[in-house]
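So the chains spell out like this:
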Amino acid sequence: TAVGTAQGDVGPEGIEGMGPRSAGPLARKMWNCARRGVRSEEVWAKFAHRVLMSSAFMGAGDVALMFFAFARIKYRDVKALEVISPFILRFIEDFTLMELVLLLNAHKKLE
C-alpha cells in the first residue's frame, strides 16, 4: 500500500516491490538525498553525471527511484532525463500500476 509523506506525496518506499531491494545503490542514494531535501546543485549535477555513466546497468527499480528523486527536488537535467526516459518503455511490463502513475506524475513535474 502507498504511504503519504509529510508533503502529501506518495513515496516509493510505500510501493510494493520498490525500495532498497529492487533498486541499485545510486538510485537509493538519490532517493535518500531527495527525501532529506538536499537541494545542492553540485550534488544533483554529480548524480546526473553518474546516471549518464551507469545507464547501461539500470533496472526498473532504478529508473523509478531516479525519476522520483529528480521530481521531488525538481532538478531537471535534460541529458540525464533523456538517458533514463527510454527505460520506462523498456521496463513498462515490470512496473506496477502505482509505479506507472507515479512515473507519469514525476515526468509532469519535470516538464
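Residues numbered from 1 in each chain as written. Predicted model: local features only at pLDDT ≥ 70, side-chain atom pairs only at ≥ 80, totals over all residues. Heavy atoms only, no water.

Enquirer: Quick question: what am I supposed to make of the packing of aromatic side chains here?
Expert: Each aromatic ring pair is characterised by the separation of its centres together with the angle its planes make. In this structure the tally under the stated criterion is 5 aromatic pairs. Plain terms: the ring middles of W44 and F70 are 5.9 Å apart, the flat faces sit at 55 degrees to each other, and that makes the pair tilted. Of the two residues, W44 is situated in helix α2 (residues 41–53) and F70 in helix α3 (residues 60–73); the sequence distance between them amounts to 26 residues. Among the residues examined, W44 registers a relative accessible area of 0% and is labelled buried. The class for F70 is buried, based on a relative accessible area of 0%. (Phe/Tyr/Trp six-rings, centres within 6.5 Å; stacked < 30°, edge-to-face > 60°. Helix = DSSP H or I, 4+ residues; strand = E, 2+ residues; numbered from the N terminus. Buried < 20%, exposed > 50% of the residue type's maximum accessible area, 1.4 Å probe, protein only.)

Enquirer: How should the packing of α2 against α3 be read in this particular structure?
Expert: Between two packed helices, the angle of one axis relative to the other and the distance separating the axes together describe the packing. Look at α2 against α3: their axes get within 12 Å of each other, and the N-to-C directions meet at 155 degrees. Considering the angle they form, α2 stands roughly antiparallel to α3. In the crossing of α2 with α3, the sense of the turn from one axis to the other is left-handed. The segment α2 lies against α3, with W44, A48 and V51 engaging M66, A69, F70 and I73. Across the contact of α2 with α3, the residue classes break down as 7 nonpolar, no polar and no charged. (Axes fitted to C-alpha atoms, helices over the stretch in contact; angles between N-to-C directions. Parallel < 35°, antiparallel > 145°, perpendicular 65-115°, else oblique. Left-handed = near helix turned anticlockwise from the far one by under 90°. Contact = heavy atoms within 4.5 Å. Nonpolar A, V, L, I, M, F, W, Y, C, P; charged D, E, K, R; others polar.)

Enquirer: What is the right way to read the packing of α3 against helix α4 (residues 78–90) from this model?
Expert: Relative orientation of the contacting elements α3 and α4 amounts to 135 degrees, with a least axis distance of 10 Å. Judged by the inter-axis angle, α3 sits oblique to α4. Handedness of the crossing formed by α3 with α4: left-handed. Here α3 contributes V63, M66, F67 and F70 to the contact with α4, which in turn contributes A80, L81, I84, S85, F87 and I88. The class makeup of the residues in the contact of α3 with α4 is 9 nonpolar, 1 polar and no charged.

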